[in-house]
Amino acid sequence: MKSAVETLNPTRVRLTVEVPFEELKDSLDAAYKKINQQVTVKGFRKGKIPARVIDQRFGRGAVLEEAVNDALPKFYTEAVNEADLNPLGQPEVDITELKDGELLAFTAEVDVRPEIEIPDYSGIEVEVDAIEVSEEDVEKSVEQLRGRFASTKDVERAATEGDVVTLDLEAKVDGEVLPDGVASDVSYTIGSGELLDGIDEAVKGLEAGGEATFTSQLKGGSAEGKDAEVTVKVTKVSARELPELDDEFAQMASEFDTLEELKADSRTRLENMKQYDQATQAQERVLEKLLELVEVPIPEKLLADEVQTRKHNLEHHQLGQMGLTIEKYLEFQGKTVEEFDAETSEQAIKGIKTQFVLDALVNKEKLGVNQEELTEHLMRRAQSSGMSPDQFAQAVVEGGQVPMLVGEVARGKALAVVVEAAKVTDTNGEVVDLSDDEDEAETPAETAEAAVEADADEAEVKGDEAK
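If you're wondering where the values come from, they're calculated on a predicted model, not measured in any experiment.

Here we come to the UniProt feature "domain: PPIase FKBP-type" (unreviewed entry) in the chain. Summarizing the sequence annotation, UniProt attributes the feature "domain: PPIase FKBP-type" (unreviewed entry) to residues 162-215 in the numbering used throughout. This span, residues 162-215, is 9% helix and 54% strand, and a straight line between its end C-alpha atoms measures 22 Å.

If you want it as C-alpha cells, here you go:
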C-alpha cells in the first residue's frame, strides 16, 4: 500500500491511498464467504458455492463492492497511522479507481487536530478577589441558620413581610377557570418569591378570610406564558418566631456550646468558601490568559457539530425538563435567535480551543493519569450526576467513556501546572498562594471540564474515532 498526505488547511487533510490488488485477498475471501452464507444455488450446498459460480450468478461487481467495503477501514487506518495523523470524526471517502486484479485507489478527507505550539506561560499574571469576611457576612450566616429553626404561630392580624400564609388560589384566562388553575391550602412565605409575580403585594395587609385579585403571567401549566387573573384567599396567617440568639441556640443548632464558638465556626466556613471561590476564579482567569496566548484554528465541521450538540442539549434536555420551548427561553432571556446563535458559537469555540490547548499541554508536560486520580474524578462526576459511583462507573464503561474521563483528569492537571506557574494577586495586592488550598487537586479538573462542557452533558471532541 502507498499513501500520501495533502494538507488542505491547518485542520483538514486529504489522504491518497493506492492498494495493490493482492492486498485485497483477505477481504475478497471474506466477501465470497459472506455471500456464500446469504444465497442458495441449486446443485450446491449452502456455503459451498465456488467463487466462479458466485461471479457468474451474482456478478463479480457485487463481490468487489463487498470486499472494498470490508477493506477500506483497515487501509484508511494504516494510512492515518503511517502519516501520524490525529483525525477528528469520520472521513469523507471517495474511490477514485478500482481495477479488478490490479489496483484499488481512494482518497479520504478528514478533519485533524491542529498542531499547537504552547508558548512560555510562566509570565501569566491575574488578579482575583481578596478573601474578606465581614461581621455582616457572619451575622447573615447565623441568621440563615436561625431561620431554619424558626417555628410558626397563628395570629389574628393582617399579613406582613415574612409571615407564612395559607392560601386558596384560582386562576382564570379569558374569564375561564383553568383546569389546573385551582389550588387549596397552599403554604407561602411572603417575600420568598416562590409563587406568582405580584402575589406578595396582593396578600400583604390581608387577614384570614381576606381576598384579592391580581394579574400575573403563568410560569407553567396548561396556560404557561399567558396572563391570568388570579384570585387569592387567605385562610390563615402565621407569624414566624425565631429562637433567641444565645448559647442555648448554639447548643441546639450545632455541636458548639456557645454562640461565640458558633459564630467563629461560621466565619471559618465562610473563609473556606471564599478561598475555594478564589481558587476557582484564579483558574478561570489563568485559563483565559493562556487561551489569549495561543492561536488555534478551529475545524469548521467540528464547530458546526459542537454548536448543534449544545443547542440540542439545551432544547431537549435542560429546557425540556423545565417545560420550556426554545422560543420561550429566548423571550425570557431577552435575546434574538441571531444573538443566541452567536453566543452559542462563541461558547463552542472556547470549549474546543480549551480542549485543544490543554491536550497539547498534557503532551508537552508528559502528564499521566493514575488509577487513584481517575477514581476520585469518577466519584465527583457521579455525585454531580445524582448517580451512585457504581452506577456511574457502569454507565461509563458500557458507554466506552473511560478515555473521556481520563482526558478530563489530564486536562485538569495541565491547567493546574499553568496556575502554579502564574502570578496570582488579590485586589489588596497580596500574592495568592494556591498550593496550600486543600481543594487544589480537584478544582483545576472541574474548571477545565466546565470550560469545555455546555452543561450537564459534555460535547467531547473525539479524536481517532475512525481509526
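After presenting the structure, the write-up continues.
Axis separation between helix H11 (residues 371-385) and helix H13 (residues 402-421) bottoms out at 10 Å; the angle between their running directions is 105°. By the angle between their axes, H11 is roughly perpendicular relative to H13. Within the contact between the two elements, H11 uses Glu 373, Leu 374, His 377, Leu 378 and Arg 381 and H13 uses Val 402, Met 404, Leu 405, Val 406, Glu 408, Val 409 and Lys 413. For the contact of H11 with H13, the residue count by class is 7 nonpolar, 1 polar and 4 charged.

Going through the model one piece at a time under the given rule, you end up with 25 salt bridges. A salt bridge links Arg 12 to Glu 92, with the nearest nitrogen and oxygen atoms 3.5 Å apart. With a gap of 80 residues between them, Arg 12 in strand E2 (residues 12-20) and Glu 92 in strand E3 (residues 87-99) connect regions that are remote in the sequence. For Arg 12, a relative accessible area of 15% translates into the label buried. Glu 135 serves as the salt-bridge partner of Arg 267, at 2.6 Å between the closest nitrogen and oxygen. With Arg 267 in helix H7 (residues 259-293) and Glu 135 in helix H4 (residues 135-148), this residue pair connects regions lying 132 residues apart in the sequence. In this structure Arg 267 comes out as partly exposed when scored by relative accessible area, which is 23%. Within this structure, Glu 6, Arg 12, Arg 14, Glu 92, Glu 109 and Asp 111 form a network of salt bridges that share partners.

About the criteria used
- Residues numbered from 1 in each chain as written.
- Predicted model: local features only at pLDDT ≥ 70, side-chain atom pairs only at ≥ 80, totals over all residues.
- Heavy atoms only, no water.
- UniProt positions renumbered as here; feature names shortened; annotations may be inferred.
- Helix = DSSP H or I, 4+ residues; strand = E, 2+ residues; numbered from the N terminus.
- Axes fitted to C-alpha atoms, helices over the stretch in contact; angles between N-to-C directions.
- Parallel < 35°, antiparallel > 145°, perpendicular 65-115°, else oblique.
- Contact = heavy atoms within 4.5 Å.
- Nonpolar A, V, L, I, M, F, W, Y, C, P; charged D, E, K, R; others polar.
- Salt bridge = Lys/Arg side-chain N within 4 Å of Asp/Glu carboxyl O.
- Buried < 20%, exposed > 50% of the residue type's maximum accessible area, 1.4 Å probe, protein only.

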